[in-house]
Amino acid sequence: MTDRFAHLERARDEVLAEAESFRLELEPILAASLRAGMERLTSTHAAHLASLDGTSRRALRETCERAIASSVGSVSARLRDPELWLSPRTAPDLLAPTEPGWSLSTPAWLARLLGRGERRPAGLGALDDPGNRIWVAIASAAGPLDAVLHEFGFAPQRHRIGGGRFGVAPRTLPRLDPSGALQRRWKRYRAAYERYEALARVRG
């Protein structure tokens, strides 16, 4: 059990190292994506934008920039949570172990993965899978822009789950990152996570 725990700890560290690299790479990409979303929105509502005076348009740009910076910071802070990366599915179908014998000092993440008799989904899906907690966190970034756009008189679109009311948030990975850099980073994290998960399934 000691060797197994050591292997799991190393695999866990690899997962979290990849997660941190992903988080750092995401920040400028997410900010750029939100700015692009704002450009699409203002282009769609060009008549309303034109109805604002110069001072209001400048205030809109400045307030949106502050909101984007704040949103990216909030998402980045949320992605610092190790639990998000060690249990990335919104419906993981991972139940706490029901058999006796687990020490109260056993970490929750380890107890879940070492539990017996649970069904686990095969593999981890795409980054923009709506069942992925990391993607849910990313999609929430547009939320703080809602109040700004409402204040400046923009009419909301139909409600978009997790993406704000104005459609500014990226709804797909290519929309978030046309360069493909995050997709490559996601593959590295996913490989590390699946190695870690596979180790946890091995019976001691």
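Shown above is the structure to which this text applies.
Being a predicted model, the structure only gives us computed values, none of them experimental.

A. Main features of the nonpolar core. Trp-85 and Ile-134 are the most contacted members of the largest nonpolar core, which has 50 residues in total. Elements represented by at least two residues in this core include exactly helix H1 (2–44), helix H3 (54–78), helix H4 (82–86), helix H6 (133–139), helix H7 (143–151), helix H8 (173–176) and helix H9 (181–201). Among the elements that line this core, the one with the most residues is H1, at 12 residues.

B. Examining the packing of H3 against H7 more closely. Following both chains from N to C, one finds H3 and H7 inclined at 165 degrees, their axes separated by 8 Å at the closest point. Classified by the interaxial angle, the pair formed by H3 and H7 is roughly antiparallel. Our pair here, H3 against H7, has a crossing hand that is right-handed. Counted together, Leu-60, Thr-63, Cys-64, Ala-67, Ile-68 and Ser-71 of H3 and Pro-144, Leu-145 and Val-148 of H7 form the full contact between these two elements. A breakdown of the residues in the contact of H3 with H7 according to their chemical character gives seven nonpolar, two polar and no charged.

C. Structural detail: the packing of aromatic side chains. Taken as a whole and judged by the stated rule, the model has six aromatic pairs. Geometrically, the ring pair formed by Tyr-193 and Tyr-196 is tilted, given 6.0 Å between the ring centres and 55 degrees between the ring planes. Of the two residues, Tyr-193 and Tyr-196 both sit in helix H9, three residues apart, roughly one turn of that helix. Using a relative accessible area of 1% as the deciding quantity, one classes Tyr-193 as buried.

Thresholds, definitions, all that
Residues numbered from 1 in each chain as written. Predicted model: local features only at pLDDT ≥ 70, side-chain atom pairs only at ≥ 80, totals over all residues. Heavy atoms only, no water. Core = buried A, V, L, I, M, F, W, Y, C linked by side-chain atoms within 4.5 Å. Buried < 20%, exposed > 50% of the residue type's maximum accessible area, 1.4 Å probe, protein only. Helix = DSSP H or I, 4+ residues; strand = E, 2+ residues; numbered from the N terminus. Axes fitted to C-alpha atoms, helices over the stretch in contact; angles between N-to-C directions. Parallel < 35°, antiparallel > 145°, perpendicular 65-115°, else oblique. Left-handed = near helix turned anticlockwise from the far one by under 90°. Contact = heavy atoms within 4.5 Å. Nonpolar A, V, L, I, M, F, W, Y, C, P; charged D, E, K, R; others polar. Phe/Tyr/Trp six-rings, centres within 6.5 Å; stacked < 30°, edge-to-face > 60°.

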